Every structure is written in structure tokens, then in C-alpha cells.
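A look at the structure
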Amino acid sequence: MLKLTKRWGEEMKVIDNKNKVENSENSHISPVVQHELDFQATRTVFWKSVLFLIIEGVAPFLVLFLLSSPDLKFAHHYEVGVGIGFGLAYIIGVFFLTLLGFIVKGHQADQFIYTTILAWTLYGLYLTGYWWTWDDILYRCLVAFGFLLVSAFFGTFLSVWIRNISGVINLKKIAKNNKQEG
């Protein structure tokens, strides 16, 4: 037997006397607002996102830049091919650090967009140091901006892909739990 109850200032709850379970429906919220709330629940909080950007993208870049940048006189200077390899290792490392942060639930999948864009833009600045000096900063920034535009599309694709894989894994876990219960 189902019984509807309404107390002063509370939403309507459906109480199933057979199972003693309360189900609360958000019928008083419009579908647009509910969709916006659901969307915001899949986003990383701003300050947490900034912290993870520093840990996953900026800190490894500073290590790379300080140890091997052709812009710095005290850093060891490598050939262009080695610099490209170091940069690509940095990009791959940023991806795995972000993936690790996502797996341990430090942030949401949207962080892949931000770290991908940041990593490729910084890589563009690093890589152009092999050809141009800081006097040619306009050219270096234009190349980095090109990296930014390309990486924005790739980062968005990567974020959606990771979110979909995570959803499939969660659905499989739920199905497995339901199968074991039933």
C-alpha cells in the first residue's frame, strides 16, 4: 500500500509500507533545471580543478622546462629530436597523471579537457624554443595558440570518451550487483 504524505515545508514523499522505503521525486523542479543540476554534478569544482591543473600539468612542465629548455642557459641543451621526444613524454605523462586522478576520483572527466589544452599549449611554447628566442615571442605564441586550438577538439573528444567508458563500467558493475542479488 502506498501512502502520500505532505508535511509543512517538505516535498511530497511516497512511502511504501511494504518495504518501508521513502522515495523522493524532484517533480517540483523543472526538467531544464534538473538537467542543469545533473550537468553541474559531472563537473569538477573550480578550485579543485585549478589545483589538479597545477599538479598534473604545470609542475611536470616546470621540471621539463628547467631541465632541458633551450631558452635557459643553465639547462642542458638537447637536439631538436630529443626535445620533441621529451615534450611527447610530457604529454603522455600528463594524460596518465590525469587518468590516475580520475580513477581515484580526485576530479571528474572534464579535467581531461583542461589538462590536454594546457599541456599542448605549454608544449608548443617549449618546442618553439628550439627555433626562436624570446625576442620572437609573437611567433611562439601563435604556434602555441595553434596547438591550443587543435588540443581543444582532442581534449573534448578525450573527455567524452573517458566519461562514456566510465559510464559503461559503472553500468556493468550495477548489472553485476543486480545479478548477484537476484
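Notes on the structure follow. Sequence order sets the numbering: in each chain, residues are counted from 1 along the sequence as written. Note on the predicted model: pLDDT of at least 70 is required for a residue's local features to be given, and 80 or more for side-chain atom pairs to be given and counted; whole-chain, interface and lining totals, by contrast, use all residues. Excluding hydrogens and water, the side-chain figures rest on all heavy atoms present in the structure.

**Describing the packing of aromatic side chains**
Any pair of Phe, Tyr and Trp rings, taking the six-membered ring for Trp, is counted once the centres come within 6.5 Å. Such a pair is stacked with planes under 30 degrees apart, edge-to-face with planes over 60 apart, and tilted for the rest. Summed over the entire model, instances satisfying the criterion amount to 12 aromatic pairs. Where Phe95 meets Phe112, the ring centres are 5.9 Å apart and the plane angle is 50°; that geometry is what we call tilted. Separated by 17 residues along the polypeptide, Phe95 in helix 3 (residues 80-103) and Phe112 in helix 4 (residues 111-128) bring together distant segments of the chain. The buried category is assigned to Phe112, whose relative accessible area is 0%. One aromatic cluster in this structure is built from Phe95, Phe96, Phe102 and Phe112. The helix and strand labels rest on DSSP assignments: H or I over at least four residues marks a helix, E over at least two residues marks a strand, and numbering proceeds from the N terminus. Burial here depends on accessible area, computed with a 1.4 Å probe over protein chains only, as a share of the maximum for the residue type. Under 20% is buried, over 50% is exposed, and the range in between is partly exposed.

**Some details on the nonpolar core**
Put simply, buried Ala, Val, Leu, Ile, Met, Phe, Trp, Tyr and Cys residues joined by side-chain atoms within 4.5 Å make one nonpolar core. Core analysis: the largest hydrophobic core is formed by 14 residues, its most contacted members being Phe61, Phe65, Tyr90, Ile91, Ala119, Tyr123 and Tyr126. Mapped by element, the contributors of at least two residues to this core are helix 2 (46-68), helix 3 and helix 4. Sort the elements by how many residues they give to this core and helix 4 lands first, with five residues. Contacts were defined at the residue level, with two residues in contact if any of their heavy atoms lie within 4.5 Å. Aside from chain neighbours lying at most four places away, what touches Phe65 is Asp71, Leu72, Tyr126 and Trp134. Of all hydrophobic cores here, the second largest spans five residues; its members include Ala109, Phe112, Leu158 and Ile162.

**Concerning the environment of Val80**
By the secondary structure assignment, Val80 is in helix 3. Taking the C-alpha atoms as reference, Val80 lies 9.0 Å from Trp131; in sequence the two are 51 residues apart. What Val80 contacts, discounting residues up to four positions off in sequence, is Tyr130 and Trp131.

**Topic: the pattern of salt bridges**
The working definition used for a salt bridge is a side-chain nitrogen of Lys or Arg within 4 Å of a carboxyl oxygen of Asp or Glu. Going through the model one piece at a time under the given rule, you end up with one salt bridge. The salt bridge involving Arg140 is made with Asp71; its shortest N-O contact spans 2.8 Å. Remark: Asp71 occurs in the loop between helix 2 and helix 3 and Arg140 occurs in helix 5 (residues 137-181); sequence separation between them is 69 residues.

**Side note on the layout of surface pockets**
Rolling a probe over the atoms, with the probe sized like a water molecule, indicates the empty space that remains. Think of a 1 Å grid over the protein atoms and nothing else: a 1.4 Å probe that fits but is trapped marks a cavity, an open set flanked by protein within 12 Å on at least five of seven lines marks a pocket, and residues with an atom within 4 Å of a point count as lining. Grid points are joined across faces, edges and corners, and a volume is the space filled by probe spheres set on the points. As a volume, the largest pocket reaches approximately 430 Å³. Phe102, Ile103, Lys105, Ser166 and Asn170 are the residues nearest the centre of the largest pocket, which is lined by 16 residues in total. The set of elements that each furnish at least two residues to the lining of the largest pocket consists of helix 3 and helix 5. Any residue that is not Ala, Val, Leu, Ile, Met, Phe, Trp, Tyr, Cys, Pro, Asp, Glu, Lys or Arg is counted as polar, Gly included; the first ten are nonpolar and the last four charged. Grouping the amino acids of the lining of the largest pocket by side-chain chemistry returns seven nonpolar, six polar and three charged.

**A closer look at helix 2**
To estimate how far a helix should reach, multiply one less than its number of residues by 1.5 Å. Here helix 2 is 23 residues long and its end C-alpha atoms lie 31 Å apart, about the 33 Å a rise of 1.5 Å per residue gives. The largest bend along helix 2 measures about 35° and falls at Ile54. Along helix 2, the residues that are buried comprise Ser49, Phe52, Leu53, Glu56, Gly57, Phe61, Leu64, Phe65 and Ser68. Buried residues in helix 2 make contact with helix 3 and helix 4. Here the bend at a residue means the angle between the axes of two seven-residue stretches, the one that ends at it and the one that starts at it.

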